[in-house]
Amino acid sequence: MDLESLKKEFSNPASTYRLAPFWFLNHELEDSELTWQINEMNRKGVGGFILHPRHGLITPYLSEEWMNRMDTCIKEADKLRMKAYLYDENNWPSGPVDGELIEKYPDYNMSGCFLSQEWIVQGGKRLKEQIDFVDGLIAIVAVPVGRGKRLEGLPQSAVSLVEFLNDKTLDWTAPAGSKWQVMVFTRKFLKPYGFFGGYLDTLSRQAVAKFIEMTHEKYAERFADYFGGTVDGIFTDEPAMSYNPDPAVPWTPTLPSEFNWRNGYDIIGALPAVFKDAGPVTAQLRCDFHKTTTELYAQAFFKQIYEWCDKRRLNFIGHVACEGEFYCHTRNQGDFFQGAKYMHFGGVDFLTESTWPDVEKPGRLNNLIGPKLASSAAHIYGKPRVMSE
């Protein structure tokens, strides 16, 4: 495009380059009101809108009535040559299908791995304790302990004690000589979070596939003919690989086998170092663990949705939780660019009027980092656009 053409396009851009605000859809939706608001946006130069179900909604989400109202909005946008972007959740974060998915399939609820019990046992001494499985036992591991309670010899030194479990009683005698740290790792499902009774296990391909089936497929049944034209994309909002409280780490049932396959050793060799100091090898073991969870998250959530959208000429757009809050970014996303690879636009949520981070409060917003990450993702992966909520 030459300079004069660029000036002309910039002075009167096509709808795809104009503002497309989050259009909060709440209360009881009526065709006349929806049509009026769309025309008001059009008259003010707005090029499109994101159909965002929001708290206060009375029209049942994803019901036949809801789909009929979306049909009205999309057809009006088509008539006015505007863009209508779908939104993949009622409220946020994206995944639970307004809580219905978690209610119907509780095993697809997000969960975390906790270090729930621990003891120091002298060599030759007997340990007999009741074990609390919480929502599921992951492992019971014994590791030799050196000076300053530092774990020694990982990952090879980790010993599974599950065979010494009778019912829920652990009965084990430590080998003579060394002092041992015994750790119980358990699974705990996420309790009610945000607007829902939990959150989606975003590390699970099966859980995310069910999310696609219950949401994306329902929209495709009605509006596939508009995909790649008037319906230009679907927005995902604040997914994360972990909304578990500190000090839990992400968990999914397939993680042990995936970890072994990707790293060549058993996950019980890494778990103790995720929670405790294991000397110089600590950083490598933690990296192995978090690299594995991040890869599962990127493959299960982003790649699976991206491929579904790409086949249907639908842009997969949106932003993730905590892209700018770098302090908690690694817990929620692991590696921003692993997920950004599988989105059609680089995305960010530029929250509040805050620009400069508060250095005294490392968990606070940092609106300098978030946009830079989104633009860097576009440069690295050749994305055509960058967007901000």
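Above: the structure in question.
Here the structure is a predicted model, which means the values were calculated and not measured. (Residues numbered from 1 in each chain as written. Predicted model: local features only at pLDDT ≥ 70, side-chain atom pairs only at ≥ 80, totals over all residues. Heavy atoms only, no water.)

1. A few points about the overall build of the protein chain
Next up, step 1: Looking only at helices and strands, the protein chain features twelve helices and 15 strands.
Next up, step 2: When contacts within the protein chain are restricted to residue pairs at least 6 apart in sequence, long-range pairs at least 24 apart make up 80% of them.
Next up, step 3: Within the structure as shown, the protein chain displays about 18,600 Å² of accessible surface, and the carbon and sulfur contribution to it stands at 50%.
Next up, step 4: With 42 positive and 51 negative side-chain charges, the protein chain shows a separation of 4 Å between the mean positions of the two kinds. (Helix = DSSP H or I, 4+ residues; strand = E, 2+ residues; numbered from the N terminus. Contact = heavy atoms within 4.5 Å. Areas by Shrake-Rupley, 256 points an atom, 1.4 Å probe, with all protein chains shown as cover. Lys, Arg positive; Asp, Glu negative; His and termini not counted. Charge placed at Lys NZ, Arg CZ, Asp CG, Glu CD.)

2. Observations concerning the sheet that holds strand β9 (residues 169-173)
Next up, step 1: Ordered by their spatial adjacency, three strands build an open sheet running β5-β9-β8, and the pairing between neighbours is antiparallel. Sheet topology places β5 (126-130) and β8 (165-166) at the edges, where each strand pairs with a single neighbour. (Pairing = 2+ DSSP bridges.)

3. A closer look at the pattern of salt bridges
Next up, step 1: The final tally for this structure, using the stated rule, is 18 salt bridges.
Next up, step 2: Salt bridges sharing common partners tie together E258, R262, K291 and E295. (Salt bridge = Lys/Arg side-chain N within 4 Å of Asp/Glu carboxyl O.)

4. Focus on the sheet that holds strand β12 (residues 249-251)
Next up, step 1: Taken in spatial order, the five strands of this open sheet run β7-β6-β10-β4-β12, and their pairing is antiparallel. Single-partner strands in this sheet number two, and they are β7 (159-160) and β12.
Next up, step 2: Bridge count for strand β6 (residues 137-145) against strand β10 (residues 179-189) is eight bridges, and the pairing is antiparallel. Its bridge partner lying in β10, P144 is registered against W180.

5. Examining the pairing of strand β11 (residues 233-237)
Next up, step 1: Among the five residues in β11, five count as buried, and that is most of the element.
Next up, step 2: Strand direction decides the pairing type here: strand β3 (residues 83-87) and β11, joined by three bridges, are parallel. Within β11, the residue paired with Y85 across the bridge is G233.
Next up, step 3: Here five bridges tie β11 to strand β13 (residues 315-319), and the two strands are oriented parallel to one another. If you follow I234 over to β13, its bridge partner there is F316. (Buried < 20%, exposed > 50% of the residue type's maximum accessible area, 1.4 Å probe, protein only.)

6. Let's talk about the nonpolar core
Next up, step 1: One finds W23, F49, L51, W66, Y219 and F301 to be the most contacted residues of the largest nonpolar core, which totals 80 residues.
Next up, step 2: Excluding residues within four positions of it along the chain, F49 makes contact with A20, P21, W23, I38, M41, C73, A77, M82, K83, A84 and Y85.
Next up, step 3: Counting 14 residues, the second largest nonpolar core, distinct from the first, contains W119, V121, I131 and L165. (Core = buried A, V, L, I, M, F, W, Y, C linked by side-chain atoms within 4.5 Å.)

7. With respect to helix α2 (residues 31-43)
Next up, step 1: With 13 residues, α2 should reach 18 Å at 1.5 Å per residue; the first-to-last C-alpha distance of 18 Å fits that figure.
Next up, step 2: Those residues of α2 hidden inside the fold are in contact with β1 (22-27), β2 (48-57) and α3 (64-80).
Next up, step 3: Of the residues one or two after α2, G45 is the one with positive phi, at around 90 degrees. (Expected span 1.5 Å × (residues − 1).)

8. So, the packing of aromatic side chains
Next up, step 1: Scanning all chains against the criterion turns up 19 aromatic pairs.
Next up, step 2: Summarising the aromatic geometry, the rings of F301 and F302 are spaced 5.1 Å apart at their centres and angled 80 degrees between planes, so their arrangement reads as edge-to-face. F302 matches F301 in its accessibility class, with the two residues each being buried.
Next up, step 3: Through successive ring pairs, a cluster of aromatic residues spans F211, Y297, F301 and F302.
Next up, step 4: Positioned above the aromatic ring of F133 is the side chain of K168, whose terminal nitrogen or guanidinium carbon lies 4.9 Å from the ring centre. (Phe/Tyr/Trp six-rings, centres within 6.5 Å; stacked < 30°, edge-to-face > 60°. Lys NZ or Arg CZ within 6 Å of the ring centre and 35° of its normal.)

9. Focus: the packing of α3 against helix α6 (residues 216-223)
Next up, step 1: Viewed as axis vectors pointing N to C, α3 and α6 meet at an angle of 55 degrees, and their least axial separation amounts to 11 Å. The orientation of α3 relative to α6 falls into the category oblique. Crossing geometry of α3 relative to α6 is assigned as right-handed. Contacts from E64, W66, M67, N68, M70, D71 and I74 in α3 reach K218, Y219, R222 and F223 in α6. (Axes fitted to C-alpha atoms, helices over the stretch in contact; angles between N-to-C directions. Parallel < 35°, antiparallel > 145°, perpendicular 65-115°, else oblique. Left-handed = near helix turned anticlockwise from the far one by under 90°.)

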